Every structure is written in C-alpha cells, then in structure tokens.
Amino acid sequence: MVDDEELLLALLNTTPTVSGEAHDLLADPETARAWLAGHAGEDALGEDLALLRSTRDTLQALVHDRATPAALAPALHGVGYRPVAGDAGLTWRLSTPPGHAVAARAVVAWDALRRTAPGRLRACENTEECTLFLIDRSKSNSARWCSMAGCGNRMKARRHYERRKNTR
Ligand SMILES: [Zn+2]
C-alpha cells in the first residue's frame, strides 16, 4: 500500500504519452483493475471507474489551473473523517462509501499537498512530449521533469543540439 501522496501522483500519471501517443491506463476495465491492484491494493477493485477517471481529469485540470475545486464534489460524496478509539487515544480515519476510496484519498491528498507544499505538484516541463506530473520534494524546489532519466536527459540533449545548431 502506497501513501496517499504517491497514490495521487500515480493517478495523475495514468495518462502518459509514449512515443507521441496518448495512453489512458484507466480506459478499459482490465488495465484499470491491474492499476488499482498495483497502486491501491485488492480492496480497491470495486472502485467506480467512471468516477475515478473523472476525478483524475479534474485533478489534472486543477494542476493546469483549468478547473476549480468545486468540480471535485462527486468524489467527496458521502466521505467523512471518523474518529477511532485506541489505547493511545483517537486516530482519525477517512471513511468512504464503497467504490469511492481511491478517488477520495487522491482528492484529500491533493488538498493537503496544496496547503502544506503549495506549487510542489506540477506538470513535467517537457510539455511537447510528456503529459506526466511530479511532486517536487527537493529543498531548492527546482525539479522540472517527471524524471531526470527520462525527460531530464531528453531536454538536456535537445538544448545541447540547439546550442550547437545556433553557433554554427
Ligand atoms: Zn516528463
């Protein structure tokens, strides 16, 4: 089980662009179930896929400043925080109706992140080829690519090529 921030990022990154082609890992029920099992565990297999997809689309639009948080309302329908008593005191647990857990956890994580680490969740700067997102956890807040190995290297190579072209 991954933490909710990782779950949020994984959900945002279910629409990768591979060799110029757009993919949606949640588009068909079979790949969606495999994704759910891998990222949220077997308990999440009953997740409402249409709601999950639309919540993801809204979260992606929010990162791009193309939506308002009010659009997240369907994912939070019937969701609450429930205190659970234990030996060390009360702990608060997210309680979600069946089929909503993954969408609700991602939305709550998105809100927590925007309050505790504003601007840290953003789109990869390789916007021409890449549709992935990143959460910048660096001290300098200077991460620009979804991954250094992928887009980071591609962008560096391209800049190098353009520099050489321009100095010729
Ligand atoms: Zn990228």
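Note that the coordinates shown come from a computational prediction; the quantities given were computed from them, not determined experimentally.

A.B. asks: So what exactly am I meant to see when it comes to the overall build of the chain here?
C.D. replies: Counting its secondary structure elements, the chain contains six helices and six strands. For the chain, the sequential pattern of α-helices and β-strands runs α-β-β-α-α-α-β-β-α-β-β-α. In terms of overall dimensions, the chain has C-alpha extents of about 70 × 35 × 30 Å along its principal axes. Taken across its 168 residues, the chain has 35% of its residues classed as buried. For the chain, the share of sequence-separated contacts (at least 6 apart) that also reach a separation of at least 24 residues comes to 48%. Of the roughly 10,200 Å² of accessible surface on the chain, 53% is carried by carbon and sulfur atoms. Here the chain carries 22 positive and 21 negative side-chain charges, and the mean point of each set is 10 Å from the other.

A.B. asks: It is not clear to me how the environment of A143 should be interpreted in this structure. Could you clarify?
C.D. replies: Mapped onto the secondary structure, A143 falls in the loop between β6 (133-135) and α6 (148-167). The partly exposed category is assigned to A143, whose relative accessible area is 25%. A143 sits 23 residues away from R120 along the chain, and the two C-alpha atoms are 9.0 Å apart. Discounting chain neighbours no more than four positions away, the residues touching A143 are R122, L134, D136 and S138.

A.B. asks: For this particular structure, what's the right way to read the pattern of salt bridges?
C.D. replies: Side-chain pairing between opposite charges can occur once the charged atoms of the two side chains come close. Summed over the entire model, instances satisfying the criterion amount to 13 salt bridges. Across the pair R137 and E5 runs a salt bridge whose closest N-O atoms are separated by 2.9 Å. Linking R137 in the loop between β6 and α6 with E5 in helix α1 (residues 4-12), this pair joins segments that are 132 residues apart in sequence. The class for E5 is partly exposed, based on a relative accessible area of 26%. Measuring nitrogen to oxygen at the nearest pair gives 3.9 Å for the salt bridge that ties E129 to R154. Highlighted residues: E129 in the loop between β5 (121-123) and β6 and R154 in helix α6, separated in sequence by 25 residues. Linked through salt bridges whose partners overlap, the residues forming this network are E128, E129, R154 and R158.

A.B. asks: It is not clear to me how the coordination of the zinc ion should be interpreted in this structure. Could you clarify?
C.D. replies: Each pair of donors in an ideal octahedron of six around a metal sits at 90 or 180 degrees, and each pair in an ideal tetrahedron of four sits at 109.5 degrees. Protein-derived coordination of the zinc ion comes from C124 (SG), C130 (SG), C146 (SG) and C151 (SG), at a distance range of 2.3 Å. Taken together, the four donor atoms surrounding the zinc ion define angles of 105 to 117° at the centre, an arrangement classified as tetrahedral. Mapping the donors of the zinc ion onto the primary sequence gives the spacing C-x5-C-x15-C-x4-C. Of the two residues examined, C124 and C130, each falls in the buried class.

A.B. asks: For this particular structure, what's the right way to read the pairing of strand β4 (residues 89-95)?
C.D. replies: Consecutive residues of a regular strand have side chains that alternate between opposite faces of the sheet. Judged from the seven bridges that link them, strand β3 (residues 80-86) and β4 form a sheet pairing that is antiparallel. Within β4, the position partnered with Y81 by the bridge is L94. The turn linking β3 back onto β4 is made up of two residues.

The rules behind the values
- Residues numbered from 1 in each chain as written.
- Predicted model: local features only at pLDDT ≥ 70, side-chain atom pairs only at ≥ 80, totals over all residues.
- Heavy atoms only, no water.
- Helix = DSSP H or I, 4+ residues; strand = E, 2+ residues; numbered from the N terminus.
- Buried < 20%, exposed > 50% of the residue type's maximum accessible area, 1.4 Å probe, protein only.
- Contact = heavy atoms within 4.5 Å.
- Areas by Shrake-Rupley, 256 points an atom, 1.4 Å probe, with all protein chains shown as cover.
- Lys, Arg positive; Asp, Glu negative; His and termini not counted.
- Charge placed at Lys NZ, Arg CZ, Asp CG, Glu CD.
- Salt bridge = Lys/Arg side-chain N within 4 Å of Asp/Glu carboxyl O.
- Donors = N, O, S within 2.8 Å, 3.2 Å for Na, K, Ca; no water.
- Tetrahedral: all angles 85-135°; square planar, octahedral: opposite > 155°, others 65-115°.
- Pairing = 2+ DSSP bridges.

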